[in-house]
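# Secondary and tertiary structure notes
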Amino acid sequence: MKSFMEYTPALQAKLSIYALISVLFLGACSDPATVGLELAPQNNQIGVFYKEFTLDAQVVLLDSFNTTNSGVLLVGNEVDDYFGKTTSTAYTRLYIDQTAERPKSDAVLDSVFFNFSTVSVNGSNLDKPKRYRVHLLNEPILDTLYYNFSTLSYKPTPILDAEILFGDKKDTLVKVPITNEAFINDLFTKMKRGQEFDNLFSFRRYLPGLAITARDGDNATAGFSLGTNTGITVYYHALGDTTALKYSITTLSSRSFNSIASDRAGTPTSVITEYGKSYNTSPIVGMKAGLGLAMRVNTGPIDAFLDTLQGVIFNQVNLTIGALE
């Protein structure tokens, strides 16, 4: 038996399955000591039958899910006719190496950069700049679980407000200068002489963490990996010496989570309100990472058909999905 499952047409909410059923008719052997089929044309016939099914595809909203320490900071702002508006804000702690040499009291500040280690970019018009803001948190990230609906308060004025042009580069290190004078002067002063950099606990009381947001209307989502390549780099030199030195504040070993908000008003998915319940969004069905929206196919007609079969061999089952939007 060979069956084929087809999706018609692109992402339509109906699935068709064609079952090619091979029924082997076993002929009786004339010789009681003979095992198997006689090699005669009329005794080894194979019957082939087709059965067509119509399977409904629907969309189901999964329950809230844990986004703590996923390893990637998801930052985006997207709008489309089917899913509505999706906004993702990333929250992360910061990390310092307590053994790293700090700037001496007479050190001179040169520049401060924020580094984004980009691992993915999805969206439209990527040949145009996308804007990102980095905010200081007003409250710490706790040693608890955070979910896609979790949020933390952060300072409204960002320490970084910059545009990034990704183009064809989806995995690259982006360095953006921080020009917020009040922040960088306070940071460098405490870095030189303050107790805030004596240990990691004092540091996180001073800087509880960051929130990274995307510009409304950019219609893109970027993924930034946690680690030594994402964070703040301070460049300085000693008084009377031109040798460039640096001090790094990274997201290595830092607790993080992603908050994902979804506004589906006025779209086919606006009917989806309850967890675990299937909804019809004809003529198309879809799913999107981070939203908790999944597609569910009702295979009941196949189950009912299989209960009626006897003496049938299934050789292969194929599920083929048509063109995707």
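Residues numbered from 1 in each chain as written. Predicted model: local features only at pLDDT ≥ 70, side-chain atom pairs only at ≥ 80, totals over all residues. Heavy atoms only, no water.

The next point concerns the overall build of the chain. For the chain, the count of helices and strands is 3 helices and 17 strands. Considering the chain as a whole, with its 325 residues, one finds that 41% of them fall into the buried category. Contacts in the chain between residues at least 24 apart in sequence constitute 78% of all its contacts with a sequence separation of at least 6. Entry remark: accessible area of the chain is about 17400 Å², with carbon and sulfur atoms responsible for 53%. (Helix = DSSP H or I, 4+ residues; strand = E, 2+ residues; numbered from the N terminus. Buried < 20%, exposed > 50% of the residue type's maximum accessible area, 1.4 Å probe, protein only. Contact = heavy atoms within 4.5 Å. Areas by Shrake-Rupley, 256 points an atom, 1.4 Å probe, with all protein chains shown as cover.)

Here we take up the pattern of salt bridges. Applying the stated criterion across every chain, the model contains 11 salt bridges. Here Glu101 makes a salt bridge to Lys104, at a shortest N to O gap of 3.1 Å. For the pair shown, Glu101 and Lys104 are each scored as exposed. For Arg215, the salt bridge goes to Asp218, with nearest N and O atoms at 3.0 Å. According to the relative accessible area criterion, Asp218 is buried, its value standing at 10%. One network of salt bridges, with partners in common, ties together Glu78, Asp80 and Lys288. (Salt bridge = Lys/Arg side-chain N within 4 Å of Asp/Glu carboxyl O.)

Our focus in this paragraph is a nonpolar patch on the surface. Residues Leu306, Phe314 and Val317 make up a contiguous nonpolar surface patch of about 260 Å² in total accessible area. Relative to the helices and strands, Phe314 is located in the loop between helix H3 (300-306) and strand S17 (316-320). (Patch = residues over 30% accessible without salt bridge, like charges linked within 9 Å, V, L, I, M, F, W, Y side chains within 5 Å.)

The next subject is the pairing of strand S9 (residues 173-177). The two faces of S9 differ: Val174 and Val176 on one face are buried, but Leu173, Lys175 and Pro177 on the other face are not. Judged from the 5 bridges that link them, strand S6 (residues 108-123) and S9 form a sheet pairing that is antiparallel. Looking at the pairing, Phe116 lines up with Val174 of S9. (Pairing = 2+ DSSP bridges.)

Attention now moves to the side chain of Glu78. Tracing the chain through its elements places Glu78 in strand S4 (residues 72-80). Accessibility expressed as a relative area gives 14% for Glu78, which makes it buried. At a separation of 2.7 Å, a polar atom in the side chain of Glu78 contacts the side chain of Lys288. In this view, Glu78 contacts Gly84, Lys85, Thr86, Asn122, Asn219, Ala220, Thr221 and Lys288; residues no more than four positions away in its chain are not counted. (Polar contact = N/O pair within 3.5 Å; in protein donor to acceptor, adjacent residues only side chain to side chain.)

Now for the nonpolar core. Phe116, Leu160, Phe183, Leu187, Phe197, Ile232 and Ile249 are the most contacted members of the largest nonpolar core, which totals 43 residues. Considering each element in turn, this core owes the most residues, 5 residues, to helix H1 (residues 181-193). For Ile249, the residues in contact, after removing those within four places along its chain, are Leu94, Tyr95, Ile96, Leu187, Met191, Phe197, Phe203, Gly231 and Ile232. Residues Val59, Leu61, Ile272 and Tyr279 belong to the second largest nonpolar core, which totals 12 residues. (Core = buried A, V, L, I, M, F, W, Y, C linked by side-chain atoms within 4.5 Å.)

That bond from Ser282 to Pro283 is cis: its omega, 5°, falls within 30 degrees of zero. With a phi angle near 55°, Asn69 is a residue other than glycine that sits in the positive phi range. Structurally, the position occupied by Asn69 is in the loop between strand S3 (46-61) and S4. Among the residues examined, Asn69 registers a relative accessible area of 40% and is labelled partly exposed. Positive phi values are uncommon outside glycine, yet Ser253 reaches one of about 50°. Counting through the fold element by element, Ser253 comes out in the loop between strand S13 (245-250) and strand S14 (256-263).

In this section: the confidence of the model for the chain. Do not read the predicted coordinates in detail wherever pLDDT is low. Looking at the chain as a whole, the pLDDT averages 85, with 84% of positions reaching at least 70. The lowest-confidence element of the chain is strand S1 (residues 2-7), averaging 31 in pLDDT; the highest-confidence one is strand S10 (residues 210-214), averaging 98. Low pLDDT, under 50, characterises residues 1-30; the predicted model gives this stretch 115 contacts beyond four residues in sequence or across chains. (pLDDT = per-residue confidence, 0-100.)

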